[in-house]
Amino acid sequence: MRRLVLALTLLAASPAAAVLPDEMLKDPAQEHRARAISKDLRCVVCQNQSIDDSDAPLARDLRLLVREQIAQGKSDAEVRDYVVERYGNFVLLKPPVEGDTLLLWAGPFAVLLLGAAGLVLWRRKVPAATPDAAPLTDAERAELDRLAGPRN
Amino acid sequence: MKRLIFILPIIAFAGLAVFLGLGLTKDPKELPSQLIDRPLPEFALPGIADTPETQPELAGFASASFKGEPRLLNIWASWCAACPQEHPVLERIAAEGFPVYGIAWKDKPEDSRRWLARYGNPYAGVAADEQGRTAIDLGVTGVPETFIIDKKGRVRFKQIGPISPEVWEGQIRPLMQQLRAEA
Amino acid sequence: MLAEIGHFALILALLVAAAQAVLPMLGAARGDAALMAFGRSAAGLQAALITIAFACLMILFGQADFSVALVANHSALSQPLPYRLAATWGNHEGSMLLWVLVLALYGAGIARFGDNLRATLQARILAVQAMISVAFLAFALFTSNPFARLSPAPLDGAELNPLLQDPGLVFHPPLLYLGYVGFSVTFSFAVAALMEGRADPAWARWMRPWVLAAWVPLTCGITLGSFWAYYELGWGGWWFWDPVENASFMPWLLGTALLHSAIVTEKRGALAGWTILLAILAFSLSLIGTFLVRSGILTSVHAFAVDPERGVFILAMIIGATGTALGLFALRAPQMKSGALFGSISRESGLTINNLILMALTAVVFLGTFYPVIMEAVNPANKISVGPPYYNLVFAPLSVPLLLLVTVGPMLAWKRDEAASVGRKLLIPAMLALGLFAGLSLWLGLDKAASAFGLALGAWLILGAGLVLGKRWWGAGGFSWRLVRTTPAATVGLALAHAGIGVTTAGIAAMSGFAAETILVMRPGETAQAGPLAVTMVGAEEVPGPNYRALRARFAVQQGGGERSLVSERRLYTVSGNQTTEAGIGVSIAGNQYVAIGDVQSDGRGQGLVVRIYWHPLVGWIWFGGLLMAMGGAASLSDRRFRIGAPQVRTGLAPALVPAE
């Protein structure tokens, strides 16, 4: 394996980091929950990032808020509801499944089903594959060979 | 029937074009407030005064006091780029007799005081939300933002961004007058 | 002077394009050979003029001529030369000029390499291509003029965003543009076919190289973009389902579908109407992507121009191009001959299902990207967001049937096949893949079953590609080098591309299941664990750079008995005041070690530096797979059978030779 290892050490750029050690909860299980919830919450002042990814001050405030709620014993759903109560569904990166978003969640499957249905109907109208006509007579085969050239 | 299928793409596209066109007229970052027609979230915030006894107007306030008269609640900060632009309009609003209260968001009290000393203080009361928790309760996403609260302590309107003279005259002042007239 | 020359060249190009849009079309309608030939000359002239304009702009950027507003806003004296040059397209106006350049170059390509096309078809294609050019040249000249002067010229410019001062900027936009602007050619093919009233196998065969010509650079561009995002934006992200990323992914998905449906049209004359529709939609999505990125209609980390006014212009162009094409489709397509018949189990049906699933996948990305816009119009009070959680939940399961099918498809015979026969061919790969899945699930734990499944799926795809080659190389007399040497390039292309998908799938599966992360405050001499890595901070010091000051930290990373040094920097760019973090990445086939430092912070034990450590297993496979796919496409493109001269027709009966894949 060592022989295969490419010892390329790249220097590459990334902007300021997001979750900082001083925000993290002591209990790993709780911290894990906090990270998972944070990944699903949108940073409302950023250009399309979650609060877990963003270094904006408001994102940090919300990360701390999420951890505070978890430490108080709230469930994941309760924490999310707390934030949604203040900012609306916009803050959820996974949109709720409700009447308004039915097209969003069902759309792709509808495309698949409708397309499949369309295919089945199309094939019903047209016979599945033309059953082979009566086999060619010798004369017809000779004519065919003359026109198209001998078969490889 | 066959023709219908071939017309489907252009109809779907027409629909999409309409939505895209409408989308151009909207701002994707502007977030409608969740608080409209709901009670003002509870808070009790300290002031920015360094000698509270001699500076009562900088002593802070609580949500409970927002009853009995319609008020404007303005979220601002000394680091806010657009706030100086809004400031003359706030002074005008205050001069016309409408109470304006200010919450300094994530701002050091000394910086807030300095800013008010420089530009003037249009506020009937000033409070400090250094942690930003009250701002989260209010659903604040930037500064300046202004809430209109009615006599019963319910939020009736939210202005995102600075209040321009046109917005004041066209939307907010009529609303304030209407709220005053309400029971 | 150069700016004025460039500006003038652009205006001339617009005039030439206008002529090219009208005259060859008339020529085709009347059968006038001279007018049709004019189309070819005009295409060449247009390309030359826009090349001059673009060269002028690049020279202005290279010279750091701040009397040109664009240069002043995106370049600075301290900026290194490669980035001064690449900044030409690191902004809205310059990138529009690049768009227009690639469009014209493809047009010239049709003129130069399309001599085997029916004359009327070629003339119509060039005319449609020119119509698109006219629209974009007008857009560039009237709303986004790159040559506007700035007076008085500043002594130094505002530098290019440091995130863009990176080799990625040199290659990523040009590759992407070669990709989705390339689909303009297939669009023109489709519209021309609708005008002619024919989309026969010959048309599909002529079109296929152009589909590949666009698909290959687009694959490279997306792969490069993902790689760039990985080391630029950090901590293991390689795809964010950001609207701008989706804007390039949708044409890719449709382009892949087009590639496969064109095979059916070419080989069997079937699905012609569908192929035309796909060609129209692929380019339309390219246009919509351009609209999305520049109009401000959606927020994105990538958006580099937010101007609703320009958005209106682009939307008008989209309505013109796509609306006309789809209208023509509604009118003409029903009258076109429908093609040959095929059995429920056949190569054609496999490719049709491939297309169906790709359409559903495109629908996922499309709905996710545009739903917020639709909601704004329908119910403004309920503003929603659609982010990675949605896409991951919906896209991944839908892609599984497609990935399973990829290996089955090439084993199917044309027109009619039997399930048993295909099943026999696939038995061994299926057993191996299932065995791998079972083995991995047991060894790594049932909670990692999803990742194990992904890895097994990757193996299934790679084995399938091997099977294609194996069937070719083992003839009746066993393995034969002659068979290897005479393997058609298109067969190699298929194998490479399908194997590439497998490699990428394996990389994605490993990353989603087995990546590790540790974030903490470290001081020199301390060690931290992340998955299989043990990272020790060796030291930290201040270091100056060409246009920045940096804090550099050195680390020793131990893994599985080996040790490697990594370096991470935190840079402050002096002109703009921007800060960036440069991560240290240790690359290997098994995965990447990734270390990035942040700011100074205190924890329980005192002051130190924030350090993020990541283990990214098989992450390189994601992009290597993309590279394999692109190589596969390029191999197919090089296949001799595509570069047929005048179609050889013995008598009226035999169709010209058609490649098997």
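Calculation notes
- Residues numbered from 1 in each chain as written.
- Chains lettered and ligands numbered in written order.
- Predicted model: local features only at pLDDT ≥ 70, side-chain atom pairs only at ≥ 80, totals over all residues.
- Helix = DSSP H or I, 4+ residues; strand = E, 2+ residues; numbered from the N terminus.
- Buried ≥ 20, exposed ≤ 12 C-beta atoms within 10 Å, placed from the backbone.
- Contact = placed C-beta atoms within 7 Å.
- Pairing = 2+ DSSP bridges.
- Axes fitted to C-alpha atoms, helices over the stretch in contact; angles between N-to-C directions.
- Expected span 1.5 Å × (residues − 1).
- Core = buried A, V, L, I, M, F, W, Y, C linked by C-beta atoms within 7 Å.
- pLDDT = per-residue confidence, 0-100.
- Parallel < 35°, antiparallel > 145°, perpendicular 65-115°, else oblique.
- Left-handed = near helix turned anticlockwise from the far one by under 90°.

Draft legend 1. Layout of the overall build of chain A. Helix and strand content of chain A: five helices and one strand. The proportion of buried residues among the 152 residues of chain A is 28%. Intrachain contacts of chain A at a sequence separation of at least 6 include 49% that bridge at least 24 residues.

Draft legend 2. Spotlight on the pairing of strand E6 (residues 145–149) of chain B. Residues and elements named next belong to chain B. Summarising burial for E6: five of the five residues are buried, a large majority. Neither face of E6 is open: one carries Glu 145, Phe 147 and Ile 149, the other Thr 146 and Ile 148, and all of them are buried. In this sheet, E6 lies alongside strand E3 (residues 71–76) in antiparallel orientation, the contact comprising five bridges. By the bridge assignment for E6, Leu 73 is matched with Phe 147. The sheet contact formed by E6 and strand E7 (residues 155–160) spans five bridges and is antiparallel. The residue bridging Glu 145 from the neighbouring strand is Ile 160, located in E7. In textbook terms, the turn of a hairpin is the stretch between consecutive antiparallel strands, and for E6 and E7 this stretch comprises five residues, one of which, Gly 153, has a positive phi near 80°.

Draft legend 3. Region of the structure containing the interface of chain A and chain B. Contacts between chain A and chain B engage eleven residues on the former and ten residues on the latter. Elements supplying a minimum of two residues to the side of chain A that touches chain B: helix H2 (57–71) and helix H3 (76–87) of chain A. Ranked by the residues each element gives to the side of chain A that touches chain B, the list is headed by H2(A), at four residues.

Draft legend 4. Inspection of the sheet that holds strand E4 (residues 100–105) of chain B at higher detail. Residue and element names in this part refer to chain B. As summarised here, the arrangement of the five strands in space is E5-E4-E3-E6-E7, forming an open sheet in which the pairing is mixed. Each end of this open sheet is capped by a strand with a single partner; those strands are strand E5 (125–129) and E7. In this sheet, neighbouring strand axes are inclined to one another by 20° on average, regardless of whether the strands run parallel or antiparallel. Contacts between helix H5 (residues 165–181) and the sheet are confined to E6 and E7, with E7 contributing the most and set at about 165° to the helix.

Draft legend 5. Seen up close, helix H18 (residues 489–514) of chain C. Counted at 1.5 Å a residue, the expected span for H18(C) with its 26 residues is 38 Å, and the 37 Å between its end C-alpha atoms agrees. Of all 26 residues in H18(C), 23 are buried; the element is thus mostly enclosed.

Draft legend 6. Local environment of H2(A). The terminal C-alpha atoms of H2(A), which comprises 15 residues, lie 21 Å apart, in line with the 21 Å expected from a rise of 1.5 Å per residue. Here H2(A) has its buried residues at A:Leu58, A:Ala59, A:Leu62, A:Arg63, A:Leu65, A:Val66, A:Arg67 and A:Ile70. Packing partners of the buried residues in H2(A) comprise helix H1 (28–40) and H3 of chain A together with helix H4 (133–138) of chain B. After H2(A) finishes, the residue A:Gly73 shows a positive phi value of roughly 95°.

Draft legend 7. The nonpolar core, seen in detail. Residue and element names in this part refer to chain C. Of all hydrophobic cores here, the largest spans 294 residues; its most connected members are Ala 13, Ile 50, Ala 53, Val 100, Ala 190, Ile 276 and Ile 280. Top contributing element to this core by residue count: helix H9 (residues 201–233), with 22 residues. Contacts of Ala 190, omitting those with residues within four sequence positions, involve Ile 276, Ala 279, Ile 280 and Ala 325.

Draft legend 8. Highlighting the confidence of the model for chain A. Residues and elements named next belong to chain A. Per-residue confidence for chain A gives a mean pLDDT of 79, with 78% of residues at or over 70. Ranking the helices and strands of chain A by mean pLDDT puts H3 first, with 94, and strand E1 (residues 8–14) last, with 41. Counting contacts from residues 1–17, a segment whose pLDDT is below 50, to residues more than four positions away or on other chains yields 49 contacts.

Draft legend 9. Broad picture of the packing of H9(C) against helix H19 (residues 619–637) of chain C. Residue and element names in this part refer to chain C. In contact at an axis separation of 9 Å, H9 and H19 are set at 165° when each is read in the N-to-C sense. Looking at the two axes, H9 sits roughly antiparallel to H19. The two elements H9 and H19 cross, and the hand of that crossing is left-handed. Together, Pro 209, Leu 212, Ala 213, Trp 215, Val 216, Thr 219, Cys 220, Ile 222, Thr 223, Ser 226 and Phe 227 of H9 and Ile 622, Trp 623, Gly 626, Leu 627, Met 629, Ala 630, Gly 633, Ala 634, Ser 636 and Leu 637 of H19 make up the contact between the two elements.

Draft legend 10. Geometry of unusual backbone geometry. B:Val143 connects to B:Pro144 through a cis peptide bond whose omega is -5°. Mapped onto the fold, B:Pro144 is located in the loop between H4 and E6. Positive phi outside glycine occurs at C:Leu271, with the angle close to 60°. With 26 C-beta atoms counted inside 10 Å, the residue C:Leu271 sits in the buried group. Within the chain, C:Leu618 stands out as a residue other than glycine whose phi angle is a positive 55°. Along the chain, C:Leu618 turns up in the loop between strand E10 (606–617) and H19.

Draft legend 11. How the structure looks around the environment of C:Arg564. Among the structural elements, C:Arg564 can be located in strand E7 (residues 562–573). Separated by 416 residues in sequence, C:Arg564 and C:Ala148 have C-alpha atoms that sit 51 Å apart.

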